[in-house]
Amino acid sequence: MATTAADLLVAELRDRGVPFVATLNGHGLDPFYVACRRGGMRVIDVRNEQAASYMAEVAGRLSRSVGVCAVSGAVAHANALSGVLNAHLDGAPMLLITGITPIARLGLGDFQDFDPVPMTRPITKLSRVISTPESVARIVHDAFVAATTGRPGPVHLALPLDVAEAQVDPSRVVRSRVRSGAVRIDDAGDPGLVVEAVELLRESQRPVLVAGSGVHYARAERELASFIRRQEIPVVVPIWDRGSIATPLHAFLGVVGAASGSAEILPDADFVLLLGAEPDYRVGQLQPPIVSRDAKVVRVHTDEGRLRSGLEADVSIQGSPRMVLRELEEACEQLDCPPATAWLEEARARRDQFRQRCRASADKLSPGITGRDVVTSIQVMLTDDTVLLVDGGNIGQWFHQLLPDRYPGHWVTCGASGVVGWGVPGAMAARALHPERPVILLSGDGSFTFTVAELECAARQGLPFVAVIADDEQWGISLTGHVARYGAPLYSTLGPTRLDLVAEGLGCAGMRVENKEELAPRIREALSLDRPAVIQVPIVPGGPRG
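Residue numbers here run from 1 along each chain, matching the order of that chain's written sequence. Only residues with pLDDT of 70 or above have their local features reported here, since the model is predicted, and side-chain atom pairs are shown and tallied only from 80 upward, although totals for entire chains, interfaces and linings are computed over all residues. Excluded from the side-chain calculations are hydrogens and water; all other atoms, namely the structure's heavy atoms, are used.

A. Representation of helix 8 (residues 191–203) in the model. Numbering of helices and strands starts at the N terminus; helices are DSSP runs of H or I of at least 4 residues and strands are runs of E of at least 2. One less than the number of residues in a helix, times 1.5 Å, gives the span that helix is expected to have. With 13 residues, helix 8 extends 19 Å from end C-alpha to end C-alpha; this agrees with the ideal 18 Å at 1.5 Å per step. Between buried and exposed lies partly exposed: a residue is buried under 20% and exposed over 50% of the maximum accessible area for its type, with that area taken using a 1.4 Å probe on protein chains only. Among all positions in helix 8, only Val 194, Ala 197, Val 198, Leu 200 and Leu 201 are buried. For helix 8, the buried positions fall inside an angular range of 155 degrees around the axis, keeping them on one side. The N-cap of helix 8, judged by a side-chain oxygen 2.8 Å from the amide nitrogen of Gly 192 a few residues on, is Asp 190. Of all possible arcs, the one meant is that of the directions from the helix axis to the C-beta atoms. Whenever two N or O atoms come within 3.5 Å, that pair is a polar contact, provided that in protein one can donate a hydrogen and the other can accept it, and provided that, for residues adjacent in sequence, both atoms are side-chain atoms.

Given below as structure tokens:
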């Protein structure tokens, strides 16, 4: 059997541990599909290229390896850029493959004649056309290196039809000896800068550690917990970033940067350690009133090019958060840096008071099930293995404000972009990655309907999960802001929809719960099914207010 360039591409993906390719059928991909079938690569098909790209980027965020999607050219390519842009803004490793017209025919006006690289280049770490059959392996290697080094991110390869179909001699193709799809962040920090950081920490009275997605990708959960337990520093996560609190941690105080507010912890800090996090809107660009002008700031980031972006910190350490945390803990011991016990207890008290006010705000809403009730019902059903996905603005605020004392990396939210509508494809990706683990999607009604047709694809391809839909018939977080600022909604209301019946029509189980005591038992029931289940929960409008 002759080997094609598409066969080599699939072999490269398989050898790098790619578990599946998400796709929407298009003529530009036919040789690639044939190669997937011959090479034993799982292909999961969807109804919208947007969904395929969301599957890839969620797979990347969950697995800390490159997630892959493939789409056809022109408009199909444009549709897939939603997930690529989300991965770009959030720093998630993924690969978009675009099947395009034959390279010899580009620019001649053939069907879907379009060069996708200029459109993709600004939001990817690498975007290239595979121009010759013999270059496939080398270009794929370069793409995976770009996606998994420094701050992870999306990459893109355009595969022309004639190149994909061309026969190659595998013995004459140069292939890297190391073929890895995993994010690899291993560099240590400068010892002198680590000592400077600890000296600033030793002089502080109210330190705070902001643990961003970089901690997750560096696989630094143990090192973070060890350092925090030794120094007793309050630790917070920027809302929408990946969590790295794998087990209950006394010092974990929840998220910062939420639209619904947070306790007064970060503004009163005199020392801020920004660890694998971006100095963006969620930390007020490290400026007053979110961060005191007098606070000392230490930043740790694996990507030297981003390390000093924005306003440069007092100490900037380029290195893996995992390695730097080890160095910081060792330096704290050598320099006898005391724990911030009293400040931590004060910060916990502030957090507890704020959280209690958030919980109590649900009591002021109209009678009925609230977002608080939905989140607490899901929380009692969570096990250590449950993959939890949260898609939605208003229900996302309830989720983050009621976080317990852990926030593991297998709980996934929208990411820094704040995108909604990725949840159903994300749940499909989670199930494909973790066939033996419970998968629960918590979503708002507006978010859920972005990609509701993908339920059919999930049911048909054996990808069961439980979707709990908090239905307030509005874009809740937008409407709240509109009313507060303008006195009335601005096109932010929605009509009633029987999502449980929609689910049934798409081959899934559909349930409707109108009594909060019934919700947890229905979730338990749904988790036992062998097909996707949608639990629609009508809730009263309103978000948490602390």
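B. The arrangement of the environment of Lys 516 in detail. Within the secondary structure, Lys 516 is located in helix 21 (residues 516–527). As for Lys 516 and Ser 377, which are separated by 139 residues in sequence, their C-alpha atoms are 7.9 Å apart. Contacts are assigned to residue pairs with any non-hydrogen atoms lying within 4.5 Å of each other. Sequence-distant contacts of Lys 516, defined by excluding residues within four places in its chain, comprise Ile 369, Asp 373 and Ser 377.

C. Region of the structure containing the packing of helix 14 (residues 371–379) against helix 15 (residues 394–401). At their nearest, the axes of helix 14 and helix 15 sit 9 Å apart, and the two run at 55 degrees to each other. Put simply, helix 14 runs oblique to helix 15. Where helix 14 crosses over helix 15, the handedness of that crossing is right-handed. In contact with Gly 371, Arg 372, Val 374 and Val 375 of helix 14, helix 15 contributes Ile 395, Trp 398 and Phe 399. Gly counts as polar in this scheme, as do all residues outside two lists: the nonpolar Ala, Val, Leu, Ile, Met, Phe, Trp, Tyr, Cys and Pro, and the charged Asp, Glu, Lys and Arg. Among the residues making up the contact of helix 14 with helix 15, the classes are represented as 5 nonpolar, 1 polar and 1 charged. The axes are straight lines fitted to the C-alpha atoms, using for helices just the contacting stretch, and the angles between their N-to-C directions are given from 0 to 180°. In this scheme, roughly parallel covers angles under 35 degrees and roughly antiparallel covers those over 145, while 65 to 115 is roughly perpendicular and the rest are oblique. In a left-handed crossing the near helix is turned counterclockwise from the far helix by less than a right angle, and in a right-handed crossing that turn is clockwise.

D. Highlighting the side chain of Glu 12. Along the chain, the position of Glu 12 falls in helix 1 (residues 5–15). Take Glu 12: its relative accessible area is 1%, and that puts it in the buried class. Excluding residues within four positions of it along the chain, Glu 12 makes contact with Ala 137, Val 140, Arg 175 and Arg 179.

E. View of the packing of aromatic side chains. Only the six-membered ring of Trp is used, alongside the rings of Phe and Tyr, when aromatic pairs are assigned; centres must lie within 6.5 Å, and planes under 30 degrees apart are stacked while those over 60 apart are edge-to-face, with the rest tilted. In this structure the tally under the stated criterion is 6 aromatic pairs. Measuring from centroid to centroid gives 6.1 Å for Phe 450 and Trp 475, while their planes differ by 80 degrees, and the two rings are edge-to-face. Of this pair, Phe 450 sits in the loop between helix 17 (445–448) and helix 18 (454–460) while Trp 475 sits in the loop between strand 16 (466–471) and helix 19 (476–486), and the two are 25 residues apart along the sequence. When its relative accessible area of 28% is taken as the criterion, Trp 475 is described as partly exposed. Here the aromatic cluster, defined as three or more aromatic residues joined through ring pairs, consists of Phe 252, Phe 399, Tyr 407 and Trp 411. For a Lys NZ or an Arg CZ to count as sitting over a ring, it must be within 6 Å of the ring centre and within 35 degrees of the ring normal. Above the face of the Trp 422 ring, Arg 61 is positioned so that its terminal group lies 5.4 Å from the ring centre.

F. Structural detail: the sheet that holds strand 3 (residues 67–72). If you walk across this open sheet you meet the 6 strands as 2-1-3-4-6-5, and the pairing is parallel. Strands with a single pairing partner mark the edges of an open sheet, and in this sheet they are strand 2 (43–45) and strand 5 (126–129). Pairwise comparison of adjacent strand axes, ignoring direction, gives a mean angle of 20 degrees for this sheet. Pairing between two strands is assigned when DSSP locates at least 2 bridges connecting them. As paired elements, strand 1 (residues 21–23) and strand 2 share 3 bridges and run parallel to each other. Bridge pairing in strand 2 links Ala 22 to Ile 44. Contacting strand 1, strand 3, strand 4 (94–100) and strand 6 (154–160), helix 1 runs over the sheet at an angle of about 170 degrees to strand 4. Lying on the sheet, helix 6 (residues 136–148) is in contact with strand 4, strand 5 and strand 6; it crosses strand 5 at an angle near 165 degrees.

G. Structural context of the layout of surface pockets. Detection works on a 1 Å grid of protein atoms alone, calling trapped sets that fit a 1.4 Å probe cavities and calling open sets with protein on both sides within 12 Å along at least five of seven lines pockets, with lining residues defined by an atom within 4 Å of a point. Grid points are joined across faces, edges and corners, and a volume is the space filled by probe spheres set on the points. Computed from the structure, the largest pocket encloses a volume of approximately 310 Å³. Taken together, 22 residues make up the lining of the largest pocket; nearest its centre are Gly 392, Gly 393, Asn 394, Val 420 and Ile 477. Contributions of two or more residues to the lining of the largest pocket are made by helix 15, helix 17 and helix 19. Looking at side-chain class alone, the lining of the largest pocket contains 10 nonpolar, 10 polar and 2 charged residues.

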